[in-house]
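# Chains, contacts and geometry: an overview
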Amino acid sequence: MSTSLNRREFIGSTLATATTAAAGSLVFGFATSATAQGMAPEVNAWVVVQPDEKVIIRIARSEMGQGTLTGLAQMVAEELECDWARVTTEYPTPGQNLARKRVWGNYSTGGSRGIRESQEYVRKGGAAARMMLVQAAADGWKVPASECSAVAGVITHGATGRRTTYGQMASAAARLQPPTEVPLKDPKDWKLVGKRMARLDTVDKTTGKQVYGADLQLPGMLNASIRACPVFGGTVRSFDAAKVAGMPGVKKVVKVGDNAVAVVADTWWRAHQAVTALPIDWDLGPNAGVQQAAFNATLKGGLDAEQAAVGNSHGDVKQALAGAARKIEAVYAYPHQNHATMEPMNATAKWTAERCEVWTPTQNGEAALAAAAEAAGLPPAQCEVYKIHLGGGFGRRGAVHDWVRQAVAIAKQMPGTPIKLLWSREEDMTHGLYHPITQCKLTAGLDAQGNVTALHMRISGQSILAGLFPQNVRDGKDPVVFQGLNNGGGEAMIGYSFPVLLVDHAMRNPHVPPGFWRGVNLNQNAVYLECFIDEIAHATRKDPLALRRELMKNHPKHLAVLNAVAQRVGWGQPAPDVNGQKVYRGLCQTHGFGSYVAACAEVSVSAAGALKIHRIVAATDPGYAVNPQQIEAQVEGSFVYGLSAALFGECTVKDGAIEQKNFDTYPVMKMVDMPKVETIVMGSGGFWGGVGEPTIAVAAPAVLNAIFAATGKRIRELPLKNQSLKA
């Protein structure tokens, strides 16, 4: 195998394989030599049962606080019929997955796909293991397997009452051929799936036992801190290593790629002090003079550009608007935003000429393996990545693994020594992959009775795919731009019917690199559409809920979640005052990542312009609700993240560089500001939707619409920290 590995080709081939796997062609056997080596027998790739009846369920997707690890384990255990109290989990490595023909399928954990895209084959993994364990017991008793049943890890022969356990049968089961036909339970028979189950990782996290990447310690390990050019596209001209070589603990100063320098020392703090003091002469490159105002002007120009890629359309919008009795128009704007994970980017790498090993928190172990192999100059078979729980992901640790490449590049210059690279907060904030910046011009046509006859949404701004996967942009169209605005498809559909509609995108890409940011483009698209629907309601003197109901008659699932929140809050009746302050409400809904969501925010605004968000009621229909307790936690967390973005989230550019360097200039939601969140989980069944991202998108528009109800001020540009709400 060539050592000149193309990461995109590798990931492309693995994703293609994952698609096949998700279609049901995964092989559930692949028993290894674990039994021969005296280890606990692997019944199949998903299930290991130890003699003490402990059940280890292998989870390929990453855990980053969203609860996927527990949810997937629930689904395997559901079909396995094991004792949930004895369940624990482990990550199989991406190297093992590669060696075993990707038996665990896709490792990518993003787009709220952790459960919904692997639910079928992980359930089959559990069911196949149960069938093999039961068959092993039946063979030992010399009876048909159909006469045996399994409950809570105990196998019983119905006719004779003989019993045995999974732990006793695991070795024999591991020697059997896996079944070729693996039926699954009817959802009505589920015992674990759909139940409120405590998370498997809570105790370790609350006691401090859980090891994150930043905590990792290895024998002989050294630490590295890094500085990259502050301007994207800039490079290192030179640096004076001698100036810091004598500082305490410093072991080595190394160049990393063409744009960064790192210091390796015995502790991270010493490495960081040295790299901070290191004189570096940067070539800031062609973007050094770029200012935020230039971005904004470029995007504004795209709002009326002739050329635009069409995402959704029917009818002749130009003609319909020209013939409208009245037109309403508004322009909205959404800024760059940082992922701002609590744990900065980090990886520990150990490199030799024969092997490269990496320990890192990652949303995609296979992508991390590909990045490590390319940086190491070794075939993937000679590399390994050990996944660690993430201290936050939000998309930053998914598609691009720049920090892994850096760690390996540093380790290559100190062969055989484990090197832990940890970015400083400032490095993390100024070298991210940012939520794309966009603007949107919305124009609605009305007839003489105030009915909407046409809608044109022109989005102008950045394309994530153009920045990360340009091969997926076809004829200037990035399909991800239109999340929540699509005509059908089941992933991110518009929830309104307009007689004439045009949604198009004028691509305008600044030099700041874009990335998949939790909720992705659904976030701003929900703001644009849902706030504009409210504008139409106000202009036509219609109740915002009533107008939505008129436009949503053909979208029953969208309407169901909206009606649920309206009913819960008592829409149509005034909200109760809080401490003598009038409280006002705002509604919104959207569809994204396969789920239907809606929210109603209750806010007050003082005479001085101080905003207080008192309560948010949210409804979500993900089809099947695997763990309602986790869903509620995810919805609450989504509002923390979404409201942080709405209130404070903004990254701006000065002289080509990101200005916000820490939480003093990029604040997040504080507990005192957090509203009460009430979650309505209303899984209607029949489909699998995501949970971790869609609710984020309804945070901002619900609050913005409530602010308008309270003040009469229409806020069309985020974040709110830049706006005055004073009467």
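It should be emphasised that the depicted structure is a prediction, and the values quoted were computed from it without experimental measurement.

### Structural notes on the nonpolar core
- Counting 84 residues, the largest nonpolar core has Met 457, Phe 498, Val 527 and Phe 639 as the members making the most contacts within it.
- No other element matches the nine residues that helix H18 (residues 696-711) contributes to this core.
- Contact partners of Phe 498, with chain neighbours within four places excluded, come to His 314, Val 452, Leu 455, Ile 533 and Leu 551.
- Core analysis: the second largest hydrophobic core is formed by 48 residues, Val 43, Ile 59, Trp 84 and Val 122 among them.

### Comments concerning the confidence of the model for the protein chain
- Averaged over every residue, the pLDDT of the protein chain is 94; the share at 70 or more is 95%.
- For residues 1-38, every residue scores under 50 in pLDDT, and the model assigns this stretch 76 contacts once sequence neighbours within four places are set aside.

### Some words on the pattern of salt bridges
- Applying the stated rule across the entire model yields 39 salt bridges.
- For Lys 185, the salt bridge is made with Glu 81, and the minimal N-O distance between the two is 2.8 Å. Remark: Glu 81 occurs in the loop between helix H2 (68-80) and strand S4 (87-90) and Lys 185 occurs in the loop between helix H5 (166-174) and helix H6 (202-207); sequence separation between them is 104 residues. Summarising the burial analysis for this pair, Lys 185 and Glu 81 share the class buried.
- For Glu 491, the salt bridge identified is with Arg 113, shortest N-O distance 3.9 Å. Taken together, the positions of Glu 491 in the loop between helix H13 (464-468) and strand S21 (501-507) and Arg 113 in the loop between helix H3 (94-99) and helix H4 (119-141) put the pair 378 residues apart, joining distant regions of the chain.
- Each of the salt bridges in this network shares a partner with another, and the network as a whole consists of Arg 568, Arg 585, Glu 602, Arg 615, Lys 676 and Glu 678.

### A look at empty space enclosed by the protein
- Here the structure, examined in full by the defined rule, presents five cavities of 30 Å³ or more.
- Looking at the largest cavity, it is lined by 15 residues, and the ones nearest its centre are Gly 484, Ala 526, Leu 529, Gln 589 and Thr 590.
- Secondary-structure elements contributing two or more residues to the lining of the largest cavity are helix H14 (522-539) and strand S22 (584-592).
- For the lining of the largest cavity, the element with the most residues is H14, which contributes five residues.
- Tallied by class, the residues present in the lining of the largest cavity amount to six nonpolar, eight polar and one charged.
- Size it by volume and the second largest cavity reaches roughly 50 Å³.
- If you go around the second largest cavity, the residues you meet are Tyr 334, Trp 517, Asn 523, Val 527, Tyr 641, Gly 642, Ala 645, Ile 696, Ala 697 and Ala 700.
- At the level of secondary structure, the elements contributing two or more residues to the lining of the second largest cavity comprise H14, helix H17 (628-647) and H18.
- Tallied by class, residues from the lining of the second largest cavity come to eight nonpolar, two polar and no charged.

### What to know about H18
- The terminal C-alpha atoms of H18, which comprises 16 residues, lie 24 Å apart, in line with the 22 Å expected from a rise of 1.5 Å per residue.
- Of all 16 residues in H18, 13 are buried, a share of seventy percent or more.
- Gly 712, located one to two residues past H18, shows a positive phi value of around 80°.

### Some remarks on the packing of aromatic side chains
- For the structure on display, the rule yields 12 aromatic pairs.
- Pairing Trp 190 with Tyr 624 gives two aromatic rings, centres 5.4 Å apart and planes at 70°, and the pair type is edge-to-face. Placement of the pair is Trp 190 in the loop between H5 and H6 and Tyr 624 in the loop between strand S24 (611-621) and H17, with a sequence separation of 434 residues.
- Taken together, a centroid distance of 5.9 Å and an interplanar angle of 85° make the contact between Tyr 596 and Phe 687 edge-to-face. Remark: Phe 687 occurs in the loop between strand S27 (676-681) and H18 and Tyr 596 occurs in strand S23 (residues 595-605); sequence separation between them is 91 residues. The same class applies to Tyr 596 as to Phe 687, namely buried.
- Among the aromatic residues, ring-to-ring pairing joins Trp 190, Tyr 624 and Trp 688 into one connected group.
- Of note, Arg 714 hangs over the ring of Phe 708, and the distance from its end group to the ring centre comes to 3.9 Å.

### What about the layout of surface pockets?
- Put simply, the second largest pocket is a space of about 700 Å³.
- As for the second largest pocket, its lining consists of 34 residues, of which Phe 232, Asn 259, Asp 402, Leu 433 and Pro 513 are closest to the centre.
- Sorting elements by how many residues they give to the lining of the second largest pocket places helix H11 (residues 402-412) first, with four residues.
- Here the residues of the lining of the second largest pocket are counted per class, giving 15 nonpolar, 14 polar and five charged.

Rules used in this analysis
- Residues numbered from 1 in each chain as written.
- Predicted model: local features only at pLDDT ≥ 70, side-chain atom pairs only at ≥ 80, totals over all residues.
- Heavy atoms only, no water.
- Core = buried A, V, L, I, M, F, W, Y, C linked by side-chain atoms within 4.5 Å.
- Buried < 20%, exposed > 50% of the residue type's maximum accessible area, 1.4 Å probe, protein only.
- Helix = DSSP H or I, 4+ residues; strand = E, 2+ residues; numbered from the N terminus.
- Contact = heavy atoms within 4.5 Å.
- pLDDT = per-residue confidence, 0-100.
- Salt bridge = Lys/Arg side-chain N within 4 Å of Asp/Glu carboxyl O.
- 1 Å grid on protein atoms, 1.4 Å probe; cavity = no way out; pocket = protein on both sides within 12 Å on 5 of 7 lines; lining within 4 Å.
- Points joined across faces, edges and corners; volume = space filled by probe spheres on them.
- Nonpolar A, V, L, I, M, F, W, Y, C, P; charged D, E, K, R; others polar.
- Expected span 1.5 Å × (residues − 1).
- Phe/Tyr/Trp six-rings, centres within 6.5 Å; stacked < 30°, edge-to-face > 60°.
- Lys NZ or Arg CZ within 6 Å of the ring centre and 35° of its normal.

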